[in-house]
Amino acid sequence: MLILILKRVLISIPLLFVVSVLVFVLQSFIPGDAAQQIAGPQASPEMVEKLREALGLNLPVWEQYARWLGEVLHGSLGTSLLNGQPVIDALNQRLPTTLSLVIGSTVIATIVGVVLGVISSRGKGAAARFIDVLSIAGLAVPGFWLALLLITVFSVQLGIFPATGYVAFADSPSEWLRSLALPVAALSLTGVTAIAKQTREAMLDVQASDFIRNLRANGIPESAIVFRHALRSSAVRIVTISGLLFIGALGGSVVIEQVFGLPGLGTLAVSATTSKDLPMIQGIAVYFTLIVIVVNLATDIAYGWINPKVRTS
Amino acid sequence: MTSSPTPAPDSTTWIATQPRNRRRRGPLARFIRKPLGVAAAVLLLLGVVASFAPSLLTSIDPQAADFANVLSGPTAAHWLGTDSLGRDILSRIIYGTGPALLGVLIAVGVAALVAIPAGLAAAMFRPVDAVVTRLNDLVMSIPGIIVLLMVLALSGSMNWAMVAVGLLTAPGLVRVVRSSAATVTEEPYIAAARVFGVGKWKIAFRHVLPRIAGPILVNVSLIAANALVTAAGLNFLGLGLTPPTPSWGGLVADGAAVMNQQPWTLVPSGGVIAITVIAFVLLGDAIRDVTAEGWTAGRSKGASITRATTVPATSSDDAVIESADALLRVRDLSIAFPDADGSARSVVQSVSFDIGAGEAVGIVGESGCGKTITGLGVLGMLPGGARVVSGSIQLDGVELLELSPRERAAVRGKTIAFVSQEPMTALDPLFTVGYQISQAVRVHTGASRKRAAARTLELLEQVRIVDPKRVARSYPHEISGGMAQRVSIAIALAGAPRLLIADEPTTALDVTVQAEIVALLRTLQEETGLAVMLISHDLGVVSALCERAVVMYAGQAVERAPVGELMSTPLHPYSAGLLSANPHFATPGSRLQTIPGSVPPPDKWPVSCHFADRCALATEACRVGPIPLVAVAPGRASRCVRVDALQTEGVAR
Ligand code: SF4
């Protein structure tokens, strides 16, 4: 198991490398640069050029990359071209918001999805159709649109939850919860339906297996068969989907953060791209990739926890 | 289709020999019978019209501001209302259709162009597989949204962003193509085409691709749905298509800005996205169903018996019943499965037998004869819509068929226990052996955790496991097949049952272990007074354990006899055949004689003797009507009109 984790970590290093190169190469194609943006439209070409030199933007791409890599090796991700803030600080400041949102929605989606999936796997025709309809709805309703709908109903009309803004957990746990409720709900719908469908299918597959038949034939009560044995066997598939959902939610968080005005990595990503703040974009890409790597690792560990065969090999 | 002896001159011949028997209608005709799919297709066609000629659908200019009617709800002039500048929302939706569908087309096209060849190559060429899988994992770990944002900043063009969406969603499609193609390539006719030297790419595109069109289309429809929503999200953020160009995502953003004054504006903009996504999904499903129907005979899943059942009239079993005080008494048990058309297809016909307390009775026959179904019927666990259509199952004088499902469940494990064929899949791989045994102990005896743990070790000793403590801590994959079968038996014994139904308990094991398990069952039977219903195809195993046997063929009991007499003088040609086909009993020196042919499937069972087509003694008399099971000797019954011939001549062995 330890070896497995180590292997995973080793594989992820080239991945980070590839992503960072990709960002640099893509970025170098973008017409215009941050110097122009900072100097403003009135600035003389000489001024822009000077700024460019100061920021190191006049160097060839590979050299810019080498410089960046050098900084990374010193534990820094550079400074924002726009305001000189160390990128790491900006990212760390915003990371908790994004993580709260994404983890929250994955957890909610998994719990609700599993409950719905188990219920529908026990039912006949109608329950199955309900899940099918729900999963189409999960695809069809865009998260940002659902977000607006939730704001209209729960903030504007009922006034239960705030429409925008984020309160840090450290400041007030209850306000933190309230500020996240709607964003998490908006971000979890697709996940709920995906998990429900997978859970249902996994449960039905397991139900057909020999050992479930034997448990039933030897008088083990249905509740133990469903919740202990079948659900645990289905957990491998559920965990896989949860991991994918987490990564999907990371992408979805960009739009959702924008709708709810949450100061997370997503809003930062949008503003950094529009202002061509290369170090910032680079940093966000690295963080996102790191999160993906951690999630994949967590998924692997979960497999091991569920399945003794993985654990012992 | 695989038994064609003449090599096909070209691969198309092989294609033609696939099962296509149910292909009654053309694909279009089948599609038209799917109302949801048709509705989706019509809607998307409308979208295509809107893309190429929006002015055909609306006369209102999407940019025309009607300041007198700002933020109106639906009116006669503006069917879907107006936005904050008084622009017609319907018109803006129609003009936004082109870019939306073009984006989807680009994403789907790119994904398909990349993923289908890559997936096929991965399925058919081993070295490619590793590379493709690696690349796939890599792309899946790239933060897609960052790439999209950068591509948009870079090009400012929605179309390039959609190319990126296509590339980023390709890995999912690669997986689908690869796994379904891998399944298809194992089918015999593909293998045959290979043998005849048809080029791999030709096989891939001409033979494999059409077969996996279903899963591909479903995945493509999901990619389309995803692309549409992603594009709308980007436009909503004000990226790509920027105002005042009408776009669906932009419409939602416009609505968001004014949702406090006029929430209605959110409805049409979000609605059109949702409806289009639904159309993609439904169209994908419908086309998948149509292609699937083209390839497989339409077998209705989850069917139940709806039509009046007409079980073939076999004479009721009036032959001598052995014991008066039977523990299990099965009478005229008939079991049927639902057919595709709702009628009943009988798989067990009027089977009767008794099992006395502490007695071991074998149910013998080849697979497909209804032995296992009979066992499951006794347990009250018939699979897939099968049900008992007539007969009686009495346990200790109590009619099981009259009990509620809950009451029948209470019988399982406590009075009747079960051991299955494949020990390696019989245990839950995720729990330790000890946990699984003690779970059964606690369920049946209500013992505490500690007591159950102690009892678990006792049970493991009882099934002659040498190191019970260690085995109890092991997971199923850590123990051998023979040991797993002992553990299964220990679980079955946890509730101190009086009858053990053992379904081919030794078949999956190698010979020495087989003998050990049989010996174990025998000891348990002697030690605990356990009755055993042994289901087996192997007369050798049956003779080693059982006093009496019921021979089943094609759903019927064809002979019932004490095992010793059955072995020495079989009174049914099928029993005789089984005997001479068994290596244990073949006359030394002579060759093993297998019974020619195989057990016919239930829909081919005649009303007359089921065995007639394989029987060396068959005559005209065998094919006229149902053959009754009659007493032929004390304690013996046979379902054969030529018992006399058998008794006098014996069957040529
Ligand atoms: S009834 Fe006729 S066909 Fe059937 S087993 Fe007897 S001899 Fe053979």
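These numbers come from a predicted model, not from an experiment. (Residues numbered from 1 in each chain as written. Chains lettered and ligands numbered in written order. Predicted model: local features only at pLDDT ≥ 70, side-chain atom pairs only at ≥ 80, totals over all residues. Heavy atoms only, no water.)

Regarding the overall build of chain B
- Counting its regular elements, chain B contains 25 helices and 12 strands.
- Across the 653 residues of chain B, 51% fall into the buried class.
- A separation threshold of at least 6 residues defines the contact pool for chain B, and within that pool the share at least 24 residues apart is 69%.
- Carbon together with sulfur atoms contributes 60% to the accessible area of chain B, which is approximately 28300 Å² in total. (Helix = DSSP H or I, 4+ residues; strand = E, 2+ residues; numbered from the N terminus. Buried < 20%, exposed > 50% of the residue type's maximum accessible area, 1.4 Å probe, protein only. Contact = heavy atoms within 4.5 Å. Areas by Shrake-Rupley, 256 points an atom, 1.4 Å probe, with all protein chains shown as cover.)

Let's talk about the sheet that holds strand 4 (residues 387-395) of chain B
All names here are of chain B.
- Taken in spatial order, the four strands make up an open sheet running 2-1-4-5, and their pairing is antiparallel. Unpaired on one side and paired on the other, strand 2 (344-356) and strand 5 (398-399) mark the two borders of the sheet.
- Contacts from helix 14 (residues 371-379) reach strand 1 (326-338), strand 2 and strand 4, with the element oriented near 115 degrees to strand 1. (Pairing = 2+ DSSP bridges. Axes fitted to C-alpha atoms, helices over the stretch in contact; angles between N-to-C directions.)

Some remarks on a nonpolar patch on the surface
- Taken together, Ile-103, Val-107, Ile-108, Ile-111, Val-112, Val-115 and Ile-119 of chain A make up a surface patch of nonpolar side chains, about 580 Å² in accessible area.
- Along the polypeptide, Val-112 of chain A turns up in helix 5 (residues 87-122). (Patch = residues over 30% accessible without salt bridge, like charges linked within 9 Å, V, L, I, M, F, W, Y side chains within 5 Å. Salt bridge = Lys/Arg side-chain N within 4 Å of Asp/Glu carboxyl O.)

Side note on the sheet that holds strand 12 (residues 636-638) of chain B
All names here are of chain B.
- On the basis of which strands lie adjacent, the open sheet formed by eight strands has the order 6-7-8-3-9-10-12-11 and mixed pairing. Single-partner strands in this sheet number two, and they are strand 6 (416-419) and strand 11 (630-633). The average undirected angle you get between the axes of adjacent strands in this sheet is 25 degrees.
- Set on the sheet, helix 20 (residues 481-493) makes contact with strand 6 and strand 7 (499-503); between it and strand 6 the angle comes to about 170 degrees.

A look at the site of the ligand
- Around the ligand, the surrounding shell consists of His-572, Pro-573, Cys-609, Phe-611, Ala-612, Cys-615, Leu-617, Ala-618, Cys-622, Cys-640, Val-641 and Arg-642 of chain B.
- The residue makeup of the shell around the ligand, split by class, is 10 nonpolar, one polar and one charged. (Near = heavy atom within 4 Å. Nonpolar A, V, L, I, M, F, W, Y, C, P; charged D, E, K, R; others polar.)

As for the packing of helix 5 (residues 89-124) of chain B against helix 11 (residues 213-236) of chain B
All names here are of chain B.
- Interhelical geometry of helix 5 versus helix 11 gives an angle of 140 degrees and a closest axis separation of 9 Å. Between helix 5 and helix 11, the interaxial angle falls into the category oblique. When you trace helix 5 past helix 11, the crossing you get is right-handed. Residues Ala-100, Val-104, Ala-107, Val-108, Ala-111 and Ile-116 of helix 5 form the contact with helix 11, whose participating residues are Ile-216, Val-220, Ile-223, Ala-224, Ala-227 and Leu-228.
- Among the residues making up the contact of helix 5 with helix 11, the classes are represented as 12 nonpolar, no polar and no charged. (Parallel < 35°, antiparallel > 145°, perpendicular 65-115°, else oblique. Left-handed = near helix turned anticlockwise from the far one by under 90°.)

Regarding the pattern of salt bridges
- In the structure shown here, the tally under the stated rule is 24 salt bridges over all chains.
- For Arg-498 of chain B, the salt bridge is made with Asp-396 of chain B, and the minimal N-O distance between the two is 2.4 Å. In this pair, Arg-498 of chain B is assigned in the loop between helix 20 and strand 7 and Asp-396 of chain B in the loop between strand 4 and strand 5, connecting sequence segments 102 residues apart.
- According to the relative accessible area criterion, Arg-498 of chain B is partly exposed, its value standing at 36%.
- Between Arg-486 of chain B and Glu-516 of chain B there is a salt bridge whose closest N-O contact spans 3.1 Å. Taken together, the residues span a long stretch of sequence, with Arg-486 of chain B in helix 20 and Glu-516 of chain B in helix 21 (residues 511-528) at a distance of 30 residues.
- Taking the relative accessible area as the measure of exposure, Glu-516 of chain B reaches 41% and is therefore partly exposed.
- When salt bridges that share partners are traced, they join Arg-122, Arg-216 and Glu-222 of chain A into one network.

Here we look at the layout of surface pockets
Residues and elements named next belong to chain B.
- Its boundaries defined by the atoms lining it, the second largest pocket holds a volume of some 510 Å³.
- In this structure, the second largest pocket is lined by 20 residues; those nearest its centre are Leu-44, Leu-101, Val-104, Leu-105 and Phe-280.
- Sorting the residues of the lining of the second largest pocket by element identifies helix 3 (35-52), helix 5, helix 11 and helix 13 (266-295) as the ones contributing at least two each.
- Broken down by class, the residue content of the lining of the second largest pocket amounts to 16 nonpolar, four polar and no charged. (1 Å grid on protein atoms, 1.4 Å probe; cavity = no way out; pocket = protein on both sides within 12 Å on 5 of 7 lines; lining within 4 Å. Points joined across faces, edges and corners; volume = space filled by probe spheres on them.)

Considerations on the interface of chain A and chain B
- Opposite the 58 residues of chain A that make contact, chain B presents 61 residues.
- The interface formed by chain A and chain B holds zero salt bridges in total.
- At the surface where chain A touches chain B, the tally comes to 11 residue pairs in polar contact (both at pLDDT 80 or more).
- Elements with a contribution of two residues or more to the side of chain A that touches chain B: helix 1 (2-29), helix 6 (125-140), helix 7 (143-157), helix 9 (210-217), helix 10 (222-260), helix 11 (265-274), helix 12 (278-306) and helix 13 (308-312) of chain A.
- With 10 residues, the top contributor of residues to the side of chain A that touches chain B is helix 10 of chain A. (Polar contact = N/O pair within 3.5 Å; in protein donor to acceptor, adjacent residues only side chain to side chain.)

Things to note about helix 8 (residues 173-207) of chain A
- Relative to the 51 Å expected for 35 residues at 1.5 Å per residue, helix 8 of chain A spans just 42 Å between its end C-alpha atoms, considerably shorter than the ideal helical length.
- The sharpest bend along helix 8 of chain A measures roughly 45 degrees and falls at Ser-188 of chain A. (Expected span 1.5 Å × (residues − 1). Bend = angle between axes of the 7 residues up to and from the residue.)

Points about the side chain of His-610 of chain B
Residues and elements named next belong to chain B.
- Mapped onto the elements of the fold, His-610 is located in the loop between helix 24 (573-581) and strand 11.
- At 2.8 Å, the side chain of His-610 forms a polar contact with the backbone oxygen of Ala-554.
- A polar contact of 3.1 Å, which involves the side chain of His-610, links it to the backbone oxygen of Pro-606.

Details of the domain arrangement of chain A
- Per the domain assignment, the segments making up chain A are domain 1 (2-73) and domain 2 (95-274).
- The gap between the C-alpha centroids of domain 1 of chain A and domain 2 of chain A is 35 Å. (Domains from an automatic or database assignment.)

Comments concerning the packing of aromatic side chains
- Taken as a whole and assessed by the stated rule, the structure comprises 11 aromatic pairs over all chains.
- On the basis of an interplanar angle of 80 degrees and a centroid distance of 6.1 Å, the ring pair of Phe-17 of chain A and Tyr-65 of chain A is categorised as edge-to-face. Separated by 48 residues along the polypeptide, Phe-17 of chain A in helix 1 and Tyr-65 of chain A in helix 4 (residues 61-73) bring together distant segments of the chain.
- Aromatic side chains Phe-144 of chain A and Phe-236 of chain B sit 4.6 Å apart centroid to centroid with 25 degrees between the ring planes, which places their arrangement in the stacked category. In this pair, Phe-144 of chain A is assigned in helix 7 and Phe-236 of chain B in helix 11, connecting two distinct chains. The exposure classification of Phe-144 of chain A matches that of Phe-236 of chain B, with both residues buried.
- One aromatic cluster is present, formed by Phe-17, Phe-24, Tyr-65 and Trp-68 of chain A through successive ring pairs. (Phe/Tyr/Trp six-rings, centres within 6.5 Å; stacked < 30°, edge-to-face > 60°.)

Some thoughts on the domain arrangement of chain B
- Considered domain by domain, chain B is made up of domain 1 (44-296) and domain 2 (328-415 + 497-563).
- Centre-to-centre, using C-alpha coordinates, domain 1 of chain B lies 55 Å away from domain 2 of chain B.

Considering the environment of Leu-204 of chain A
Residue and element names in this part refer to chain A.
- Tracing the backbone through its elements, the reader meets Leu-204 in helix 8.
- For Leu-204, a relative accessible area of 34% translates into the label partly exposed.
- Separated by 82 residues in the primary sequence, Leu-204 and Arg-122 place their C-alpha atoms 8.6 Å from one another.

Some details on the nonpolar core
- Counting 134 residues, the largest nonpolar core has Phe-144 and Phe-260 of chain A together with Val-208 and Ile-273 of chain B as the members making the most contacts within it.
- Considering each element in turn, this core owes the most residues, 16 residues, to helix 5 of chain B.
- Setting aside chain neighbours within four positions, we find Phe-144 of chain A in contact with Val-255, Ile-256 and Val-259 of chain A together with Val-229, Ala-232, Gly-233, Phe-236, Val-252 and Ile-273 of chain B.
- Ranked by size, the runner-up nonpolar core spans 120 residues in total, among them Leu-376, Val-513, Ala-549 and Leu-578 of chain B. (Core = buried A, V, L, I, M, F, W, Y, C linked by side-chain atoms within 4.5 Å.)

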